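The residues making up each chain are set out below.
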Amino acid sequence: MVEVKKVGIISCSGEECAGGGISRLAARHVLESARPGRTVTICLPLFLAGGEEERYFARTFPTITIDGCDKRCAMRATEKLSGQVTQALTVSELLDSESALAAPFSQRQLNGEREKQIAKVSAALTEAVDEIIGKPAAKDLLTPTTPPAGIRLL
Ligand code: SF4
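Residues numbered from 1 in each chain as written. Predicted model: local features only at pLDDT ≥ 70, side-chain atom pairs only at ≥ 80, totals over all residues. Heavy atoms only, no water.

Further remarks concern the layout of surface pockets. Approximately 200 Å³ is the volume found for the largest pocket. Along the wall of the largest pocket there are 16 residues; nearest its centre are Cys12, Gly14, Cys17, Cys69 and Cys73. In terms of residue class, the lining of the largest pocket is built from six nonpolar, five polar and five charged. (1 Å grid on protein atoms, 1.4 Å probe; cavity = no way out; pocket = protein on both sides within 12 Å on 5 of 7 lines; lining within 4 Å. Points joined across faces, edges and corners; volume = space filled by probe spheres on them. Nonpolar A, V, L, I, M, F, W, Y, C, P; charged D, E, K, R; others polar.)

Structure below.
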């Protein structure tokens, strides 16, 4: 039996509503801070364009999709091009449709409320990763990536 060591996270690339931005920032938070070394974020546009390594990864390793809204573009693309996903999360279900379908925002427009939403979605993603490969002991967690001065990960 192959031991599963990494989980792929594919986030939608929606620019039309807040849910797309929330899903991308939550995915980055899990990759860089919550579960570094245990997760890989796959680029959806490259995946769609035919990146063979990305498609191979999604076929071989468990994959979680996180979509901004219930159109579930990342989940549908992954299942069409690669295979069934292990878990499909959506911001509209984890928060609510109103928050997910709100106007898109830039990093400069992040506020306390938005950061709480991103934290809630990243917590759900982290829990989904742990369900697949188990919760890591503190000693097994890599040090989170430290961003250069002036750059925020969230
Ligand atoms: S899932 Fe929703 S937010 Fe994400 S790309 Fe599709 S339509 Fe846009």
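Once you've had a look at it, read on.
All right, on to the sheet that holds strand E3 (residues 63–67) then. Across the sheet, which stays open at both edges, the four strands sit in the order E2-E1-E3-E4 with parallel pairing between neighbours. The sheet terminates laterally at strand E2 (39–42) and strand E4 (87–90), the two strands that pair on one side only. Here the strands of the sheet are splayed against their neighbours by 25° on average, with no regard to which way each runs. Relative to E4, E3 runs parallel, the two being bridged by four bridges. (Pairing = 2+ DSSP bridges. Helix = DSSP H or I, 4+ residues; strand = E, 2+ residues; numbered from the N terminus. Axes fitted to C-alpha atoms, helices over the stretch in contact; angles between N-to-C directions.)

Right, let's get into the side chain of Ser122. Positionally, Ser122 belongs in helix H7 (residues 112–133). You can call Ser122 buried: its relative accessible area is 3%. Here the side chain of Ser122 touches Ile118 through a polar contact of 2.7 Å, landing on its backbone oxygen. Among residues more than four places away in sequence, those in contact with Ser122 are Ala26, His29 and Val30. (Buried < 20%, exposed > 50% of the residue type's maximum accessible area, 1.4 Å probe, protein only. Polar contact = N/O pair within 3.5 Å; in protein donor to acceptor, adjacent residues only side chain to side chain. Contact = heavy atoms within 4.5 Å.)

Our focus in this paragraph is the site of the ligand. Residues in close proximity to the ligand include Cys12, Gly14, Cys17, Asp67, Gly68, Cys69, Lys71, Arg72 and Cys73, which together make up its full environment. The site holding the ligand turns out to be the largest pocket. (Near = heavy atom within 4 Å. Sits in = over half its atoms within 2 Å of the grid points.)

The buried fraction of strand E1 (residues 7–11) is high, at five of five residues. On E1, burial covers both faces: Val7, Ile9 and Ser11 on one face and Gly8 and Ile10 on the other are all buried. Pairing between E1 and E2: four bridges, direction parallel. By the bridge assignment for E2, Ile9 is matched with Thr41. Note: E1 against E3, four bridges, orientation parallel. Paired with Ile10 across the strands is Thr65, a residue of E3.

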